[in-house]
Amino acid sequence: MSQIPRVALALAAVALAAALGFPPAEAAQERAGGPRLPNLQGGSYARGVEPAVEALLAGPLTLHDAIRIALVTNAELLREYRELGITPSALVQSGLLASRAAPLQVRSDFLGLPLATATQPLRAPDELRAQVARTALAVSREVAGAYLDLALAEALAPHAEQLAEAALAAAELGDGQRKAGNASLLKTLPHRVQLAEVTLERDLARVALANAQRELARRLSLVPGGRPLKTAGLPALPDTLPQWQGLQAFAWANRLDARRAEERFRADNPTGYASALPETRVRLPLLAPDNLYRLQAPVPKAELELLETHRRVAAEVANAEARLRLAYARADGYRATVLPVKTALVDETLKHYNGMLVGVYDLIEAKREELEARKQYLEAVRDFWIATLDLEQAVGGELPQPVAFNYAEPAAPQETLKTGAAHAGQH
């Protein structure tokens, strides 16, 4: 019996699979002895999801469209939706993936959790719904971060290309001058060093762009190897930093973990916040055998949880707000001072170059410094929006409307929210 080459066997397998109606990829898997991948796109569970996602991916992806896709495709959310009896198909039919210009507020528009007010406190949903809410807010934060990273990588790639072009021009000019005997190797070698550095930065920028595309695709649960994702760009930096008052009280009134902690405390202490425990007399040294503190009733666990939650919420809000202010100050500093000066330097150097008062190296260096400053500015803008996302998470998933702020004459403080937050700090 003649030996049939392996290539002929492979071709025969593909031909047989085509005759039986199987796709070539499945035939290759059969030939390799592995299981065929199931076709999940046509199932009733995910019917309509892929066309809706493809429609959103057809053009540049906006931040809120990326969040919408993740709310339908995230594996952890799908498991929790299943417990509620929700399918991705039902979410598509509800219009979640329909093209729309309005931003999506995950907390209110998707979850239906209103913001608490002084007269309308937030009631925490049951544990299953609360878990879905927590996961949805966490997923939206992760996807938004991956989106901003990709938008930054898209913006930095052209700058890296321009820096490489400028360095190449300087290096080639130096080589020409050295060959003509007008410059020494010591004078021209720094341009070659700079070219090597910016060429590496350009290559790394390309890799970073590809990695950011893959990371966002992973966050969106898209099939690897599909079309490269393209964003609508970084959101613009606001003209002024939004100012809020009473963010810690706002967060305490609107965070689900705070509401759950208060509910558990109320269940254990139906009489209110005043502790009925007798005052314990404790002497030092603490572990002396005649100290009788163990004979006293223990502090309720729910009271300790309430205290811990209150301190954690306050710390998270304060830290997130401080990071936001720092990120805005850095980005606004580049926009208001550094970039205008760098641009003016390029314009003035170009005028002097046209008048043969400076050399081409001066012009290239001025342009390089401007591009470097613009790169720093774009990174600062991304950091500002990341800090904004973190502050949103810290206050419960959605920021309140900012208020006017005047350093010379501060606005009157807001009324304390009547949700028990004022009493929580007493325990």
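For the structure, check the block above.
### Describing helix α11 (residues 256-268)
Helix length check: α11 (13 residues) gives 18 Å between terminal C-alpha atoms against 18 Å at 1.5 Å per residue, within 8%. All of the buried residues along α11 are Leu256, Ala258, Arg259, Arg260, Ala261, Glu262 and Phe265.

### Comments concerning the packing of α11 against helix α12 (residues 301-354)
Packing of α11 against α12 leaves a shortest axis separation of 9 Å and a crossing angle of 160°. When the axis of α11 is compared with that of α12, the two are roughly antiparallel. Helix-helix and strand crossings are classified by hand; for α11 and α12 the assignment is left-handed. In contact with Asp257, Ala258, Ala261, Glu262, Arg264, Phe265 and Asp268 of α11, α12 contributes Ala302, Glu303, Glu305, Leu306, Thr309, Arg312 and Val313. Residues belonging to the contact of α11 with α12 are distributed by class as follows: six nonpolar, one polar and seven charged.

### Some words on unusual backbone geometry
In the Ramachandran plot, Ser221 falls in the positive-phi region, its phi being about 60° despite a non-glycine side chain. Here Ser221 lies in the loop between α9 (185-219) and α10 (247-254). Positive phi outside glycine occurs at Met356, with the angle close to 60°. Within the fold, Met356 resides in the loop between α12 and α13 (360-395). Residue Met356 is classed as exposed on the basis of its relative accessible area of 76%.

### What to know about the packing of aromatic side chains
Under the defined criterion, the tally for this structure stands at two aromatic pairs. Summarising the aromatic geometry, the rings of Phe384 and Trp385 are spaced 4.9 Å apart at their centres and angled 70° between planes, so their arrangement reads as edge-to-face. Among the residues examined, Phe384 registers a relative accessible area of 2% and is labelled buried. The rings of Tyr328, Phe384 and Trp385 are connected pair by pair, giving a single aromatic cluster.

Parameters and conventions
- Residues numbered from 1 in each chain as written.
- Predicted model: local features only at pLDDT ≥ 70, side-chain atom pairs only at ≥ 80, totals over all residues.
- Heavy atoms only, no water.
- Helix = DSSP H or I, 4+ residues; strand = E, 2+ residues; numbered from the N terminus.
- Expected span 1.5 Å × (residues − 1).
- Buried < 20%, exposed > 50% of the residue type's maximum accessible area, 1.4 Å probe, protein only.
- Axes fitted to C-alpha atoms, helices over the stretch in contact; angles between N-to-C directions.
- Parallel < 35°, antiparallel > 145°, perpendicular 65-115°, else oblique.
- Left-handed = near helix turned anticlockwise from the far one by under 90°.
- Contact = heavy atoms within 4.5 Å.
- Nonpolar A, V, L, I, M, F, W, Y, C, P; charged D, E, K, R; others polar.
- Phe/Tyr/Trp six-rings, centres within 6.5 Å; stacked < 30°, edge-to-face > 60°.

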